[in-house]
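Results of the structural survey
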Amino acid sequence: MAPFLPPKVVLSGFKEKIDSLLVLGDRIYLGAAAGNLHVYSHESSGDLTLVEVKKSLTRRSIEQLGFIKDINSIVTLSETIVTIFPLPSFSPATILSAAKAAFSFGIHSYTYHTESEIQGQNEFTKPASIPVLMTYLLVGCRRKLVIYSWKDGEAQEVKECPLPHSPRMITFMDNDLACFAYSATEYAVFSLSRMTANEVTISLPVSTSSSTMGALTGLSGYMTLGLGAKSKPGVVKLRDEEALIIKDNEGIIIGKDAKPSRPETIGWQAPPEEIAFVKPYIFSVLPPGSVPSTNTDPTQNSIPTSVVQVRSSITLLPIQTYLYPFRESSRSSSPTTVSQPTAPVNATVRLITPSSSPKPSLLLVTTPTDRAAATSEGSSIWQFDMKPWSEQIDELVVAGKYSDALELLETTDLLDKGDRRVQIRALNAISEFQAGHFDNAIDTFTELNVNPAKVVALYPESISGRLSISPEKWIELYGGPKWKDVVESPVGDKEVDHMENEAIKKADHERSMTATSEMLDNLGLSGAGSIRGRFKGLGALMGNASTQKDDDTASLKSQASKPSKVISDSDYHRSVESLVRSFLPDRRVKLGAALNAVGITPANQAHEITPLSATSVEDLYALPNAPFTQLTPEQLLRYAQIVDTALFKSYLVVRPILAGSLFRVPNWCEVEEVEGVLKARGMFRELKDLYHQKKMHGKALELLRQLGEKEEDLDERVYDSIQYLRKLGPEDLDQVFESARWVIEQHSDRSLEIFKSDDVDLPRDRVADYLEKIDPLLCTQYLEYLIQEREEVSVVFHDRLVELYAKITLDARRKKDEHLRQQSYDKLLAFISNTSYYQVDRLYGLLSSEDLYEARAILLGKLGRHDQALELYVYRLQDHLQAEEYCKQYHQAGTETSNVFLTLLRIYLRPTMKINVDLLQPALGLISRHSRRLDTTEALELLPPLVTLNDVRTFLIDGLRIPIFDTKVIRQINKARNDQMARKLMSLQTKRVKITDSRICPHCHKRIGATIIAVHSPRGEVTHFSCREAFAQKLSESRR
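- An unreviewed UniProt entry annotates the chain as CNH domain-containing protein of Lentinula aciculospora.
- Quoted verbatim from the Subcellular location (unreviewed entry) field of UniProt, the annotation for the chain is "Endomembrane system".
- Quoted verbatim from the Sequence similarities (unreviewed entry) field of the UniProt record, the comment on the chain reads "Belongs to the VAM6/VPS39 family."

**Observations concerning the overall build of the chain**
- Each helix and strand in the chain was counted, giving 39 helices and 31 strands.
- Long-range pairs, those at least 24 residues apart, make up 56% of the contacts in the chain between residues at least 6 apart in sequence.
- About 52,000 Å² of surface is accessible on the chain, with carbon and sulfur atoms providing 50% of the total.

**Describing the nonpolar core**
- Phe445, Phe755 and Ile832 are the most contacted members of the largest nonpolar core, which has 185 residues in total.
- Among the elements that line this core, the one with the most residues is helix α18 (residues 633-654), at 12 residues.
- One finds Leu244, Ile254, Ile282 and Val307 within the second-largest nonpolar core, a separate group that totals 30 residues.

**Side note on the packing of aromatic side chains**
- Evaluated as defined, the whole model comprises 24 aromatic pairs.
- Summarising the aromatic geometry, the rings of tyrosine 324 and phenylalanine 326 are spaced 5.4 Å apart at their centres and angled 85° between planes, so their arrangement reads as edge-to-face. Accessibility classification places tyrosine 324 together with phenylalanine 326 in one group, the buried group.
- An aromatic cluster of at least three residues, connected via ring pairs, comprises Phe4, Tyr281, Phe283, Tyr322, Tyr324, Phe326, Trp382 and Phe384.

**So, a negative patch on the surface**
- Where like charges cluster on the molecular surface, the negative patch consists of Glu711, Glu712, Asp713 and Glu716.
- Summarising the element assignment, glutamate 716 is placed in helix α23 (residues 714-725).

**A closer look at the sheet that holds strand β9 (residues 94-95)**
- Overall, antiparallel pairing links the 4 strands, which are arranged β6-β7-β8-β9 in an open sheet. Strands with a single pairing partner mark the edges of an open sheet, and in this sheet they are β6 (64-68) and β9.
- Judged from the 2 bridges that link them, strand β8 (residues 81-86) and β9 form a sheet pairing that is antiparallel. Considered in β9, the bridge of isoleucine 84 is made with threonine 94.

**Quick look at the side chain of arginine 350**
- You can see arginine 350 is positioned in strand β27 (residues 347-354).
- Of the side chains with opposite charge, aspartate 19 comes closest to the buried, unpaired arginine 350, at an N-O distance of 4.2 Å.

**Some thoughts on unusual backbone geometry**
- For the peptide bond that leads from leucine 87 to proline 88, omega is 0°, which places it in the cis range.
- Along the chain, proline 88 falls in the loop between β8 and β9.
- Here the amide bond leading from tyrosine 324 into proline 325 is cis, since omega sits at 0°, within 30 degrees of zero.
- Position of proline 325 relative to the elements: it lies in the loop between β26 (318-323) and β27.
- Phi angles above zero are rare outside glycine, and methionine 195 is one such case at about 55°.
- You can see methionine 195 is positioned in the loop between β17 (187-191) and β18 (196-199).

**Quick notes on the packing of helix α29 (residues 818-834) against helix α31 (residues 853-863)**
- α31 packs onto α29 with a crossing angle of 5° between their chain directions and a minimal axis gap of 10 Å. With respect to their mutual orientation, α29 and α31 come out roughly parallel. For the pair α29 and α31, contact is made by Tyr825, Leu828, Leu829, Ile832 and Ser833 and by Tyr853, Glu854, Ala855, Ile858, Leu859 and Lys862, respectively.
- Along the lines of polarity and charge, the residues of the contact of α29 with α31 split into 8 nonpolar, 1 polar and 2 charged.

**Concerning the pattern of salt bridges**
- The full count for this structure, using the stated rule, is 45 salt bridges.
- Notably, a salt bridge pairs lysine 17 with aspartate 19, separated by 4.0 Å at the nearest N-O pair.
- For lysine 17, a relative accessible area of 53% gives the class exposed.
- Using a relative accessible area of 17% as the deciding quantity, one classes aspartate 19 as buried.
- The residue lysine 256 makes a salt bridge to glutamate 241 at a minimum N-O spacing of 4.0 Å. Highlighted residues: lysine 256 in the loop between β21 (250-255) and β22 (266-267) and glutamate 241 in the loop between β19 (235-239) and β20 (242-247), separated in sequence by 15 residues.
- The exposure class assigned to glutamate 241 is partly exposed, which follows from its relative accessible area of 34%.
- Linked by salt bridges that have partners in common, Asp439, Glu577, Arg581 and Arg655 make up one network.

**Looking at helix α4 (residues 389-398)**
- Among the residues of α4, Trp389, Gln392, Ile393, Leu396 and Val397 are the ones counted as buried. Looking straight down α4, one finds its buried side chains confined to an arc of 140°; they lie on one side.
- In this structure, the buried residues of α4 make contact with β24 (281-286), α5 (402-410) and α6 (417-434).
- Positive phi shows up at glycine 400, right after α4, with a value of about 80°.

**So, the sheet that holds β22**
- The strand order across the open sheet built from 4 strands is β19-β20-β21-β22, with neighbouring strands paired in antiparallel fashion. At either margin of the open sheet sits one strand with a lone partner, and together these are β19 and β22.
- Sheet analysis places β19 next to β20, joined by 4 bridges and oriented antiparallel. In the strand pairing of β20, valine 235 is matched with isoleucine 245.

Analysis parameters
Within each chain, residue numbers correspond to sequence positions counted from 1 in written order. pLDDT decides what is reported in this predicted model: residues at 70 or higher carry local features, side-chain atom pairs at 80 or more are listed and counted, and totals for whole chains, interfaces and linings draw on all residues regardless. Computation of side-chain values: all heavy atoms of the structure, hydrogens and water removed. UniProt positions are given in the numbering used here, feature names are shortened, and annotations may be inferred rather than shown by experiment. Only DSSP runs of H or I reaching four residues or more are called helices, and only runs of E reaching two or more are called strands; each is numbered from the N terminus. Here, two residues are considered to be in contact whenever any of their heavy atoms come within 4.5 Å of each other. Accessible surface area values rest on a Shrake-Rupley calculation with a 1.4 Å probe, where residue burial reflects the displayed protein chains alone. To form a nonpolar core, buried Ala, Val, Leu, Ile, Met, Phe, Trp, Tyr and Cys residues must be joined to one another through side-chain atoms within 4.5 Å. Think of it in three bands: residues with accessible area under 20% of the maximum for their type are buried, residues over 50% are exposed, and the middle band is partly exposed, with areas taken using a 1.4 Å probe on protein chains only. Two rings from Phe, Tyr or Trp (for Trp, the six-membered ring) form a pair when their centres sit within 6.5 Å of each other. Planes less than 30 degrees apart are called stacked, planes more than 60 degrees apart edge-to-face, and all others tilted. By definition, no residue in a patch forms a salt bridge, and every one has over 30% relative accessible area; like charges are joined within 9 Å, nonpolar side chains (Val, Leu, Ile, Met, Phe, Trp, Tyr) within 5 Å. When a carboxyl oxygen of Asp or Glu is within 4 Å of a side-chain nitrogen of Lys or Arg, the pair counts as a salt bridge. A residue counts as positive if it is Lys or Arg and as negative if it is Asp or Glu; His and the chain ends are not included. Charge placement uses NZ in Lys and CZ in Arg. For Asp and Glu, CG and CD serve respectively. By the convention used here, strands pair only if DSSP detects at least 2 bridges between them. With axes taken as lines fitted to C-alpha atoms, and helix axes fitted only over the stretch in contact, angles between N-to-C directions fall between 0 and 180 degrees. Here the angle decides the label: under 35 degrees means roughly parallel, over 145 means roughly antiparallel, 65 to 115 means roughly perpendicular, and every other value means oblique. When residues are sorted by character, Ala, Val, Leu, Ile, Met, Phe, Trp, Tyr, Cys and Pro go into the nonpolar class, Asp, Glu, Lys and Arg into the charged class, and all the rest, Gly among them, into the polar class. The directions considered for the arc are those from the helix axis to the C-beta atoms.

In structure tokens, the structure reads:
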């Protein structure tokens, strides 16, 4: 990339020697050796127009010019005297008397803000911020530094600081630090706040420039002049707190601590004569004969004229080279052919001065080295204009130098800087991906919120599916130039080489072979293909090989993207690992949160969205690269489909064991993309989970049916289908009914498990209708489950179950299936006996015409028609024991059913229908067993006259033991007992105990006296109260 246009002459034929140059807006000040100051106006056309000449502004040469904005004055250095001339009159002049024996000066202005000392009316109002313009003028004198300063145009106190050496060059690094050049090898960093200077200390390599120069002592002519000239000090500011200094033929970047801030250095073939900085490029003027030639002519080994070299301050590599005489551009800035003389013409290139205009440019002065030519032609001022930032960045992008483009972009203030940064970072990530730096690339994609479709497209079809794209189109996909354009576009170094070759072919070929040529041949450098290659070779000789960057081994900064379809298995797995480890999980989590925020979840809507296959690949690529909070719900859904589908396919490659787990949780996987892969790999359970999650239950059940048919064990055959159907809810009831039929056909005993799920509750009436149509027995089992386990109390289901019992019983009797009839009839009897949630009268109406007498009897009992029920037991069933049990069930004293036993006795003894069975014995047995529950009088009246007293003896005895009689006897016995106990108590209360002074306690044998006593029964022994327990125990032992 060539960042600068070919130079153009803005002033020619200047006869005086120019010793200083100052660019100030559209004015250019030239300080002449004779002390004259020439003021030119820089026109929009690019030419310089003379405005005025200040004759003899100083007595001798104006060595340095500067400008102080605070006081709108020009500063000059002449004859070691610093003078200030106010503009525009240049009078009166002010000599800075404190700065005697001055060698150089440096000027720096900046603005800072201070708070106003005047408080507002409101005490809570924040004080206003006032901008203050501060300017420093540092004058380097003999072994001291004189500091002048102005604050908003008001001069401040002059300060001085002693130094170990005299500053020959001063450059500010920031608002507090300045870098001094004492000599070509001695530098220091000065702090204005601390008023101290730290010398720059650098540990040089063993092979230094001095040893290199010793190897070149045999050179002669201008070669010797170029390489053996005494080096000059040089220092320029690169950026805040960083400066470039020249030490011999090496450029070192130092920081505010006066130590190298970068490990890389610049290696020149010879100490540059001057350096300058036009952000972000470093200009250096190399002496004649210092740069090896690329000419194939063996007689020409080096470039015989001065060379202006442009390096990037980012990579420190040379990116553009200008050979003198320069090829002047036309006024339209397009290169034109300029005839070159046959003999080499050289000139001194000096005073390279950056322009402070908004459009970055640089001015320099050339003066022919030949005195006659200098006298006749004079000096010329050349202007180097920089290409627009956008054009430079675009050239780097086309060349595939994305890292360089990014660093260059950070130095600019383009309006679309943010958008360009995102695009170039994405392209750089593509370059890193191609180079095998997958983690870095994927991290960048994640940070930039790159469209997942574009990220997945970088992978083979096994992961990306129809999104896959060939590597040649990756750059274009990410907004870069087409691969064809990249291949056909000229790259920076080739353009530079072409410029050099054109200039060298027109140079003088009559120079003889020198010792330098032989030395380069011996070192194997004569075949180098470009000046950059020559730099590397000579740099290695001068001990700077360790500080140079090799184009072949440099980082991705200087490498163009070269797509390759060949990728090893290890790289493929590493790339997929990077995708699975960071990008896809990160996107999945954030997409889930974004979709939840708008009320979209895969659990309830994954089956409703449009399939990914319905969207074209171009539309998927066109989805925006933006944070998820800025996307529409539809765009979020497309992202989620792409991410989950790619995540599953990636799991299959690097972590197959995790692939199935993705389908057991809600997901957005595209079915059409993955079902073929799952079937091919035999992952049927995972495919079933995917179908279930997408609510494609028909496909899932069909798959389970096909797999089940391969099983020999009947339970295993239907198990998976049953478990799947148990999870389906009411919304899928039709699918349940459709698929359950196969299960019922295969294994009817287990098929009912489908409808017994604890997770979902299907419409019970519809399930009962479905089962009854297939098999009434299944329906009864289902209804039994509802009533017994689910505690269903609805009359509808109870009525339905009891009707099914009756229907099955009658059907079984007609079919003469006694086992089924008995089984159903038993269930019917148990059901109508134990529950009350059915309509008794309705059921009795259905059974009244049938001969299900026991069932009818139970129903009659529920209706309170006990006489009819007992008649069925006695006359139809002739089951006397069951009739008695019926009476026991309903008998309750003091209620309407208290005479139920009497009713049964009446049925026995007064039959209402003609039967051939003697019922007297059952009646007498009833009387003997349940005499207490029968009314004695009515029972005796019912007995036939021929019944003997002995037959009813037990009944009569029990009849005499009526409650009234029992109560009177017990009352008299209790009264007699109470009288007896009263007389005994009275007898005991009449007993007395007399205590005299001579009465002794039988336990302790001491006199009792007037103490508390205890009297023991039954003989009346008297002891002390404290001796009662021991004496009582003694008495109880004696009685044993």
